[in-house]
Each structure stands twice: as structure tokens, then as C-alpha cells.
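# Inside the fold
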Amino acid sequence: MSTETPLDLKKTVNLPKTAFAQKANLAQSEPARLEKWTQLDLYRLIRRAGEGREKFILHDGPPYANADIHLGTAMNKILKDFIVKSRSMMGFDAPYVPGYDCHGLPIEQHVERALAKKGKKKNDLSVESFRRACREHAQNALKNQTRDFKRLGILGEWDDPYLTMSNHYEAETARMFGRFVERGYVYKGARPVYWCIVDQTALAEAEVEYHQHTSPSVYVKFPLRSDPASIDPALAGRKVFVLIWTTTPWTLPANLGIAVHPDFEYSAFEHGEEVYIVASELVEAVATKCELAARNENGELTPPKVLARFPGAKLDRLEAGHPWIDRVSLLMVGDHVTLGGEADAETELDVSEAVKKAPEGKAGTGAVHTAPGHGHDDFVIGKRYGLEIYCPVDNAGRFTPEVEHFAGQRVFEANDQIVEFMREKGVLLFSEKYDHRYPHCWRCKNPVIFRATPQWFIAMDQVNGEPAEQTGLRAGAIKETEDRVKWIPAWGRDRMRNMLKGRPDWCVSRQRVWGVSIPVFYCAKCNAEVADPAVIDHVADIFERESGDAWHTHPAEELLPPGYTCKGCGATEWTKETDILDVWFDSGTSSIAVLENPRREELRWPADVYIEGGDQFRGWFNSSLMIGVADHDRAPYETVITHGWTLDAQGRAMHKSAGNAVEPDKVIKQSGAEIIRLWCASSNYFDDMRASDEILQRVMDGYRKLRNTARFALGNLHGFDPSRDSVPVDEMEEIDRWALSELADTIADVQEYYENYEFHFVLQRVTHFSTVTLSALYFDIIKDRLYTYAPKNVARRSAQTALYRIVDSLARIIAPLLAFTSDEIWEHIPRGANSEMPVSVHLALLPEAEHYDAKLVSTWNNLFVIRERVLAELEKARTNKTIGSSLEALVVLRPSVLSEAQVLLEHYKEQLRYIFIVSQVELGPPTEGIWPAVEIHRARGTKCERCWNYSTRVGEFERFPTVCERCAAALEEIERGNQQ
Ligand SMILES: [Zn+2]
Ligand SMILES: [Zn+2]
Ligand SMILES: [Zn+2]
């Protein structure tokens, strides 16, 4: 090249150059990247890369295949993706098989509504056709959900998810029922269960939710039939009544007893001719409420006259009479009786009690109305006293014909009439409206009742009908909860233990169609029931071939082993059970049906981790544990993580109707799925997670900063071939090594955070590193070197070596969280000719924390403290117009005599101008103060046209008259390079 051509100085400056765009355009670029992943079959490549590594199994809790996804579902799946991707990059073989919960009531209801639109009813269809319609609905819903989950950048076995309605799964569900039978846990019995009178089905604990409800609160007199003198001689010959209180007058026709606490003191007090028995502590409250107390001349209430006091045990097995039916109401003693109103409800310990009883206030009498067919405690004490489990209410919640006066009426409508009826009969002392939290059906939102019906149960504390409190299912599940499983956050352990301690026997039968039939047969002649594990396995094999539809398409004889005869009567004709299994039994089976599915070799039982919302302590965490313990005597999970709820900015639940819902679909279209992922990563998911447009805006600002950091590094790696141009670490500039030490520190922290599933800490750490350490400090300082040095100068290559490692590590670190952007960065990192880097960052491993030099870090941190003081003075000088840009400054620095800064500054004298980004630095004599003294002057000399630094030597160089000595040398070096 001829030297006569005037040199275009601008062209000799190494300006950043990269195809990595400043503006992300995620909404457009993400679909293209997803397409690329599909083309690559990225999930399969990751599987292959993981072959032979230690396994890590996250088992997916199946979302319900009914509606479209919302922010909560998106968040749940994204957190799972964070876990799977990070474990995979930590060197595990971490397959992810997503699943869908496909059976159950909501789908039946949906199909029924669709039929109604065509003027048809469920009964117009055969069971097979109805089930086919349900299957199709689930299939469509899960197809849409799959599309949406994939759009969020979640990698997994989307072509082959597990479905609770697949043949194998339905067969395994039936087999698991057989396992419970085999272990002696299954029994059929009449027990009170939650019952929705609208949907006409039993409900699981997890299918009940609490809402405000107004009930009639009544105080009712039960006449004592036994001789009152047997309680206390003072009561001889008196008309004595036991007072009860209830908020469900409709359960009174089913009253068979009254429970008192054996150790509480009870009082009999006088009111006119009559004597009333209540707990001593409640005498005043009851007398006031029911206006039984007389007033003195000052209008003050006088306490009623108490005739006798005695422990509740004295009432045991005495007889009262029903207030209007000619029937005994037996007095019983039980520890469940409380004085604080009645049994506490809506604790997760025993939510069932609230159906019959009210939770708050001292509204009770200490004598509890007991209807064994309508309450859990009632059932238990009724059993103990040999009472009938009496339930004169039908499926639709109507009184059966035997209930005089009220037959055919629905229970909630009958309430008011029963109150009026009692008032007329003179047995009602007081009534009022009472607002309380009351359980409702989670589907139709109607209040539920507690009702005894013949159901299939799994016993919690019994084996083959014998008490087994130490060896039963409950004991086994509690032991696993306490001793084996790791709960994150740690309160999960207590929550699960309490849930297990309080749960009643598991009612697993449902009077519905869309589910796995309970594989039990009844002898057509003697009605003996066959619940036989061998027979169940036989049926399950048929399900495996034909699906659970086989139960409906074959007569019983074809489902039983050939020639099966009744052991009782020898008959060979059978009928089939019509109930199906609880859907929670279905989903609880997942660990067996999926992790142990021989077709899914990549999985294994038990799972390493389950992660779901807190509602699953009642739901899937619980049912999975039951099935794990029944089948393998251990929990199906090593670790259980609980995530919070998605709420709006004010902490309210999101509702489409309230207008505060952040809809994933909309966010994706406007800003990209990456923003939802980043929002998940930025929130502490162990708590509730808040989202709003404003919060997402902040997330996007953070995104731009991260993107700019990556872009700076990529732009300055233009022309860098890491295999050819890398500088060995010990030959690198000190500050570059300092940057690598900071990187190593970040990596070490991040590895720990990933290990502990603390994704918000990962993001905080990465954000701090990229904005504070890199953008605001390191990048500023190395800019001069990167831009003005000859491209191949070793000092520039040193900075590039650091940048290369930094951006390569950053892409890996953020890959589990920012699945799209990390891969985009990865693509733009120059790899040189001989790179063997994987095609996607998702095939790479997390970076190793290398080159940490503690001494270097502390030295440079000291220099940066001084830098802060200098920058503050520069800012002042800019404000008072002493200088314009910082390069116009000459800094005179006088270190403190008291500190070691003198030695430090002397040692780094030559580098200080780059650290402060000024043209010149001079060290003056030490000052007496604690801090260095800083003076800012205008820089000496002339501005170099190329690097904009000031130098007294500009003009000295004949061939490059407008540049400084550094630039002159660089230009000569460039020319030499060009000649090569
Ligand atoms: Zn309902
Ligand atoms: Zn028989
Ligand atoms: Zn220069």
C-alpha cells in the first residue's frame, strides 16, 4: 500500500462490529429460533449429549387438559424448565416428560354443555360415545397447551407427553387400585364425604374451596328422657333440656346423638319452669344470646340460677329425645367437643367439620348435635357408640320420603322451614343469620354438604380392617415426609405432616363416567363383591390393549378371567362396579405409570424433584405420596419444591373479569416469551409472584441492559479467533485478569444458586456482574485499548481474551433462564476455524469457575475505591466547566500518608490514566488526610485526532501529524501488519 494516500484515521479505529442486534425484536425472532430448534431436534440432541451421565428426574405435575394456559400455568412450566435446563448444564442427564391430567368432572361438564347446545343430554349418548367426546375434548385442550408451552421456550418430550387417559396409564391406574387392595387398605363403606348436590358426586378434599356463606344459626332444646336425678339430686323432678347449637338445621332430622366433653364442667340452670344444660363456661353467653337471663331493676342482666354443676362424663349414655321426632338422641362423650364455638374448620387439619359446624366465636353450648351421616367427627363417635350411619338425603340433596314434613325438599331450601317448624313446636330458643366461611364445590361454586353414601375408601390407619396406627398408610406417609423428603421451602415438611395427620380415609370412588372404572365385580346372584388383585391385573391387561373403555364395551364375563366363579355361591354371572376412581388417584399414579414405564428408558423411579403450587399439599403431592408408599413403601420424590401464586401488583388474585390478569399470550405477542421467562427469574418464586404491565416494563429494562452487555462484548470480538488469538492468562493485562476473577466469583455463586433452585439469585448476581462490574467499570476502562490499539496488539488481544470468556460464560449462565437470548448470543460468539462448540448453548455445560486471584481482586478493588473519588471530582469539574469530557482532564493525585495507597498508586502509576479515563495523571506529595487528595486540571497538550486523548507530543510525528505518541505507534504497527 502506498503511504502517499492520506490515511483515513477513522478507519484505523477498531469500532465494534456484530450482527447481534441492539433491538431484540423477540416477538419476531423467537418463532424463528423455535423453528431452528425443531429442525435440529434440539431436545433429542440434548438427550444424546446426556447419555451415560448421572440422571436427574424432574417429574411433571400434570396440568388439567381443559382450558388454555394462564400466567400461573406458564410460570409453573417455566420454573420446571429452569430446573431441567440448569441440571442438564450442570452435567446431569435430565429428561423432561411433560404430562396432562385428562379425566374428570370439568371435562364431563364441558361435554355436557356442548351437548346441551345441540339440544342433547348425556343420557342420549352411549357411555362409549360420551367418553369419546370427553377424550376428544381433552385431546384438543392438551394440543393447545402443548403449543403454548413450546412457545415459552420449554424443551421436553412434547411429541410424546404422558396422558392419564392413555392405555398404559389407565391400566397402571387400575393396577395401583389393585395394589391398595392387595395391601389391605381398600374397603367399601358408608361414610360421610363431601358431596356436591348440583354435580351429584362425591368430592375430594382438594376439590372443596371456602367462600362466605350465610346460614341460619339456631339454639335447640333436646328434652332429657333419663331421670335427671341421676345427674344431680337437685334436678329431681325437673323438666331438663340439653341445649345444642348448629348452623345446619337441615341435619337435625338426622340427629341421633349429642356429644359432650367428658372433662368439661357442665351446668344445669333454671329458666322459669325449665332447666337447661350447657357447658359452665358458656352459661352466660348462652343465656344472653337466647335472652334467658332476667334483668334487675337497673335493667342489668342477672346471671341465671345454676342448680347443679357436674363433669360431662356424668351425661355419658343418658338419653335425650329428638326435639320433634319420637326417637332417642344419645348423650355421648368425645374429645372433639370444644368450647370455642364448635370444631375449628378451614384449618387444613380437618376442613370437613365446617360443613356441619361453624368455625368462629363462642357460639356453641358445649353440647354438640351429632348426625353420623353428616359429619366426620359425628361418624367417628357414632361408630363408637354403635349409632346408625343415618343419611336421609338423596344424591340431589333432597330429603328422602321417610323424613316427615320435609320429604322431597332440598336441604338448603328446607333450612328456613325447619327453623319455623321448630319455633312453632316450641323447641327453638333462638335463631339468627350467621355469616361464615363455608365449603363450596370448586367446579360449580355451590355450597356442598357432608353426606354418607356407599363409597370405596382407602384406609389411613387400618390394614384388612384391623387397626394399624403404627404400620398403616398414614404412618408410612408421615415417616417419609419427616425422614426422607427434602422440602423447599422447609415449612413444607410441617405442612405435609399436618395435612397427613388430619386427613380422613381417602374416598376414591366417584359417581361419574370419564375416568378409570373401579375394577370390581359383584356376583349377580349373591351380590358378593370381587376386589381381587389378580382379577384387577387381568382387567388392567385388557385396559393396556383396549384402554379403559373396555370396561364399558365388554360384559363382565369377558373382563373376568375365563371361567371365573363366585367363591360364595358358585355363580358365574356378574355385574360391574359403575363408579370411577377419583382423578387424584389418577394423577397420584403418575410416578408409577410414567417413571416406571418400560417404554421410557430415560426415566427412573423415584423422581429427584417435584415442583408445584401450595395447593398440591392437599392434591398431587399428597396422592403421589399415598401411591408411592402403597407401591414401594417410600415417597416418589426426593425433594418437593413449593412455588407461590401469581398475583397482580397490589397482591390480588388475577381474574380476566377483574381486568388485572397478565395474559401470557398478549405479552408474547408484544414483547416475547423471554420477558415472561425473565419475569419468572426475577421473582422470588418461594413467595407469591406479582405481575403487572408496569412490573413487566421494569423486567424489559433489565433485559435491555443484559443485552447491551452481551452486545458490547460481541462487537469487540470482531475478527478474534479464540484458538489463534487468545492470550495465556498469565500474560494478560492485570485488569483483564481481574475481570476474569470477577467472572469466576460470579460463576461460583451462580452454581450454588442453581444447585439450590434459587433462580432469582442467579439473575441478581448476573445483573450485578453485567451492569456494575462490566458495563459501568471494566468495559469503560478497556474501551480505549480495544478501539485504538492495533488490532493484533497483544494488549488488545488480552482484553478480547477476557471478553470472549466473559460472553461465553454469560451465555451459558443465563441459558436456563433466558433460553432464547442466550442461544442468540451463543450463535454470535466468534469461534474461529477449529471450534468444536455445540450448535446450541443448550447443549453446553455451565462454565467452570477458573482463574480466581484473591490478591489481584483486592488490589484492584482498592484502586477502584480511589477511582470513585476521582470520578466524583471529575464530575464537579465538568459541572463548573473546567473540563468537558474526562479526557480533557489532568488528575493530580496525592495519596494519604496513612494508607498503603502510596505504594499502590506508585506501582500502578502508568495505568491510572486508563483507570480514570483521563489523559494524564500525576502523583503529588502525600496528604495528611485519610483520603487521597484529588485536583483536576485541564490536560496538557493537544487532542489527538484519533484517540481523543490529550498529549504534548501531538505534532511530533511527521507521518501522522495529528495524533499522539500512542496512536503513532499503533498506526505504524497497523502498517506493519498490513504489509505482512
Ligand atoms: Zn358442584
Ligand atoms: Zn355369588
Ligand atoms: Zn491518540
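Being a predicted model, the structure only gives us computed values, none of them experimental.

## Topic: the overall build of the chain
When helices and strands are counted, the chain shows 29 helices and 35 strands. What you see for the chain is a C-alpha radius of gyration of 38 Å, clearly larger than the 30 Å of a compact globule of 980 residues, by over 25%. Expressed along its principal axes, the backbone C-alpha trace of the chain runs to roughly 130 × 85 × 55 Å. Counting the 980 residues in the chain, one finds 58% classified as buried. Taking as baseline every contact in the chain between residues at least 6 positions apart, the subset at least 24 positions apart corresponds to 76%.

## Details of the packing of aromatic side chains
The tally for this structure, following the rule as stated, stands at 43 aromatic pairs. Aromatic pair Phe406 and Phe421: ring centres 5.5 Å apart, planes at 80 degrees, arrangement edge-to-face. On the criterion of sequence distance, the pair formed by Phe406 in the loop between α8 (376–384) and α9 (411–425) and Phe421 in helix α9 is long-range, its members being 15 residues apart. The class of Phe406 is buried, set by a relative accessible area of 3%. Both rings, one in Tyr685 and one in Phe686, keep their centres 4.3 Å apart while their planes meet at 45 degrees; by these two values the pair is tilted. There is no split in this pair, since Tyr685 and Phe686 are both buried. Through a chain of ring-to-ring contacts, the aromatic side chains of Trp487, Trp491, Tyr610, Phe617, Trp620, Phe621 and Tyr637 assemble into a single cluster.

## A word on empty space enclosed by the protein
Enumeration over the complete set of coordinates arrives at 5 cavities of 30 Å³ or more. Those elements giving two or more residues to the lining of the second largest cavity turn out to be α2 (42–50) and α3 (71–89). In terms of residue count, the dominant contributor to the lining of the second largest cavity is α3 (5 residues).

## Focus: unusual backbone geometry
Between Ile488 and Pro489 the backbone carries a cis peptide bond, its omega angle lying at -10 degrees. Looking at the secondary structure, you find Pro489 in the loop between β20 (486–488) and α11 (492–502). Going from Trp605 to Pro606, the amide bond is cis rather than trans, its omega being -5 degrees. Relative to the assigned elements, Pro606 resides in the loop between α16 (590–595) and β27 (607–613). The phi dihedral of Gln200 is positive, around 55 degrees, even though this residue is not glycine. One can find Gln200 in the loop between β3 (186–196) and β4 (201–203).

## Describing the packing of helix α6 (residues 167–182) against helix α17 (residues 620–632)
Two elements in contact, α6 and α17, have axes separated by 9 Å at closest approach and are oriented at 65 degrees. In this structure, the crossing between α6 and α17 has a hand that is left-handed. Only Met626, Ile627, Ala630 and Asp631 of α17 make contact with α6, whose side of the interface consists of Met176, Arg179 and Phe180. Class assignment for the residues of the contact of α6 with α17 results in 5 nonpolar, no polar and 2 charged.

## As for the coordination of the zinc ion (ligand 3)
Binding of the zinc ion (ligand 3) to the protein goes through Cys944 (SG), Cys947 (SG), Cys964 (SG) and Cys967 (SG), at separations of 2.2 to 2.4 Å. Counting the intervening residues between successive donors of the zinc ion (ligand 3) yields the motif C-x2-C-x16-C-x2-C. Here the residue Cys947 occupies a position in the loop between β34 (942–943) and β35 (950–951), and Cys967 occupies one in helix α29 (residues 965–979), the gap between them amounting to 20 residues.

## Side note on the coordination of the zinc ion (ligand 1)
Distances from the zinc ion (ligand 1) to its protein donors, Cys196 (SG), Asp199 (OD), Cys441 (SG) and Cys444 (SG), fall within 2.0 to 2.3 Å. Here the zinc ion (ligand 1) is ringed by 4 donor atoms whose angles at the metal span 103 to 118 degrees, and the overall shape comes out tetrahedral. Sequence positions of the residues that donate to the zinc ion (ligand 1) give the spacing C-x2-D-x241-C-x2-C. For the pair formed by Cys196 and Asp199, the shared burial category is buried.

## Some words on the pairing of strand β8 (residues 265–271)
Where β8 and strand β12 (residues 306–311) come together, 5 bridges link them in antiparallel fashion. Within the sheet, the bridge partner assigned to Phe269 lies in β12 and is Val306. Hairpin geometry of β8 and strand β9 (residues 274–279) is characterised by an intervening segment of 2 residues between the two adjacent antiparallel strands and by a positive phi of about 60 degrees at Gly272.

## Observations regarding the confidence of the model for the chain
Looking at the chain, pLDDT values average 92 and 97% of them are 70 or higher. Across residues 342–361 the pLDDT falls below 50, and counting only partners more than four positions away or on other chains, this stretch makes 73 contacts in the model.

## Notes on a negative patch on the surface
Together, Glu546, Glu557, Glu558 and Glu573 make up a region of like negative charge exposed at the surface. For Glu573, the position within the fold is in the loop between α14 (556–559) and β25 (574–576).

## Concerning the sheet that holds strand β5 (residues 208–223)
With respect to topology, 6 strands assemble into an open sheet ordered β12-β8-β9-β6-β5-β16, the strand pairing being mixed. What marks the edges here is a single partner per strand, and that holds for β12 and β16 (428–441). Neighbour-to-neighbour, the strand axes of the sheet open up by a mean angle of 25 degrees, direction not taken into account. In the packing of α9 onto the sheet, contacts are made with β5 and β16, and the angle to β16 comes to roughly 165 degrees.

## Regarding helix α1 (residues 26–40)
If you check α1, its first and last C-alpha atoms are 20 Å apart, about what 15 residues at 1.5 Å a residue would give, namely 21 Å. What α1 keeps buried is the set Leu26, Ala27, Glu30, Arg33, Leu34 and Trp37. Burial along α1 is one-sided: seen end-on, the buried residues are contained in an arc of 120 degrees. Relative to its buried face, α1 has exposed residues pointing more than 90 degrees away, namely Gln28 and Gln39. Buried positions along α1 lie against α2, α5 (127–151), α18 (664–671), α19 (673–682), α20 (693–715) and α25 (819–828). Two residues or fewer after α1 comes Asp41, characterised by a positive phi angle close to 55 degrees.

## Concerning the packing of helix α22 (residues 734–755) against helix α23 (residues 759–788)
α23 packs onto α22 with a crossing angle of 170 degrees between their chain directions and a minimal axis gap of 10 Å. On the basis of their axis angle, the class for α22 and α23 is roughly antiparallel. Two secondary-structure elements touch here, α22 through Ile735, Asp736, Trp738, Ala739, Glu742, Leu743, Asp745, Thr746, Asp749, Val750, Tyr753 and Tyr754 and α23 through Phe759, Phe761, Val762, Arg765, Val766, Phe769, Thr773, Leu777, Tyr778, Ile781, Ile782 and Arg785.

## So, the sheet that holds β4
If you walk across this open sheet you meet the 4 strands as β4-β3-β17-β21, and the pairing is antiparallel. Of all the strands in the sheet, the pair left with one neighbour each is β4 and β21 (506–507). Where β3 lies against β4, 3 bridges are found, and the strand directions are antiparallel. Among the inter-strand pairings, Trp195 is bridged to a residue of β4, identified as Ala202. Most of the contacts of α8 go to β3, to which it runs at about 145 degrees, and overall it touches β3 and β17 (449–458).

## Some details on helix α4 (residues 105–117)
Taking 1.5 Å per residue, 13 residues should reach 18 Å; α4 reaches 18 Å between its end C-alpha atoms and fits that length. Elements in contact with the buried residues of α4: α5 and β4. Just past α4, the residue Gly119 takes up positive phi, approximately 75 degrees.

## Focus on the side chain of Asp608
Note on placement: Asp608 falls in strand β27. Of note is the side chain of Asp608, whose polar atom sits 2.7 Å from the backbone nitrogen of Ile57. At a separation of 2.9 Å, a polar atom in the side chain of Asp608 contacts the side chain of Arg604. The residues contacting Asp608, other than those within four sequence positions of it, are Lys55, Phe56, Ile57, Glu638 and Thr639.

## Structural notes on the nonpolar core
Generally speaking, nonpolar side chains in soluble globular proteins are found buried as a group. Ranked by internal contacts, the top residues of the largest apolar core, which has 146 residues, are Leu152, Trp679, Trp738 and Tyr778. At 13 residues, the largest contribution of residues to this core is made by α23. Once residues within four sequence positions are removed from consideration, Trp679 is found in contact with Leu71, Met75, Thr646, Met689, Arg690, Ala691, Ile695, Leu696 and Val699. Phe310, Ala414, Val427 and Leu429 belong to the second largest nonpolar core, which has 78 residues in total.

## A closer look at the environment of Arg183
Mapped onto the elements of the fold, Arg183 is located in the loop between α6 and β3. Look at Arg183 and you get partly exposed, because its relative accessible area is 24%. Sequence separation between Arg183 and Glu413 is 230 residues, and the spatial gap between their C-alpha atoms is 44 Å. If we ignore the near neighbours within four places in the chain, the residues touching Arg183 are Val463, Val629, Ala630 and Asp633. There is a polar contact of 3.3 Å between the side chain of Arg183 and the backbone oxygen of Val629.

Scoring rules and cut-offs
- Residues numbered from 1 in each chain as written.
- Chains lettered and ligands numbered in written order.
- Predicted model: local features only at pLDDT ≥ 70, side-chain atom pairs only at ≥ 80, totals over all residues.
- Heavy atoms only, no water.
- Helix = DSSP H or I, 4+ residues; strand = E, 2+ residues; numbered from the N terminus.
- Rg over C-alpha atoms; globule rule 2.2 N^0.38 Å.
- Buried < 20%, exposed > 50% of the residue type's maximum accessible area, 1.4 Å probe, protein only.
- Contact = heavy atoms within 4.5 Å.
- Phe/Tyr/Trp six-rings, centres within 6.5 Å; stacked < 30°, edge-to-face > 60°.
- 1 Å grid on protein atoms, 1.4 Å probe; cavity = no way out; pocket = protein on both sides within 12 Å on 5 of 7 lines; lining within 4 Å.
- Points joined across faces, edges and corners; volume = space filled by probe spheres on them.
- Axes fitted to C-alpha atoms, helices over the stretch in contact; angles between N-to-C directions.
- Left-handed = near helix turned anticlockwise from the far one by under 90°.
- Nonpolar A, V, L, I, M, F, W, Y, C, P; charged D, E, K, R; others polar.
- Donors = N, O, S within 2.8 Å, 3.2 Å for Na, K, Ca; no water.
- Tetrahedral: all angles 85-135°; square planar, octahedral: opposite > 155°, others 65-115°.
- Pairing = 2+ DSSP bridges.
- pLDDT = per-residue confidence, 0-100.
- Patch = residues over 30% accessible without salt bridge, like charges linked within 9 Å, V, L, I, M, F, W, Y side chains within 5 Å.
- Areas by Shrake-Rupley, 256 points an atom, 1.4 Å probe, with all protein chains shown as cover.
- Salt bridge = Lys/Arg side-chain N within 4 Å of Asp/Glu carboxyl O.
- Lys, Arg positive; Asp, Glu negative; His and termini not counted.
- Charge placed at Lys NZ, Arg CZ, Asp CG, Glu CD.
- Expected span 1.5 Å × (residues − 1).
- Arc of directions from axis to C-beta.
- Parallel < 35°, antiparallel > 145°, perpendicular 65-115°, else oblique.
- Polar contact = N/O pair within 3.5 Å; in protein donor to acceptor, adjacent residues only side chain to side chain.
- Core = buried A, V, L, I, M, F, W, Y, C linked by side-chain atoms within 4.5 Å.

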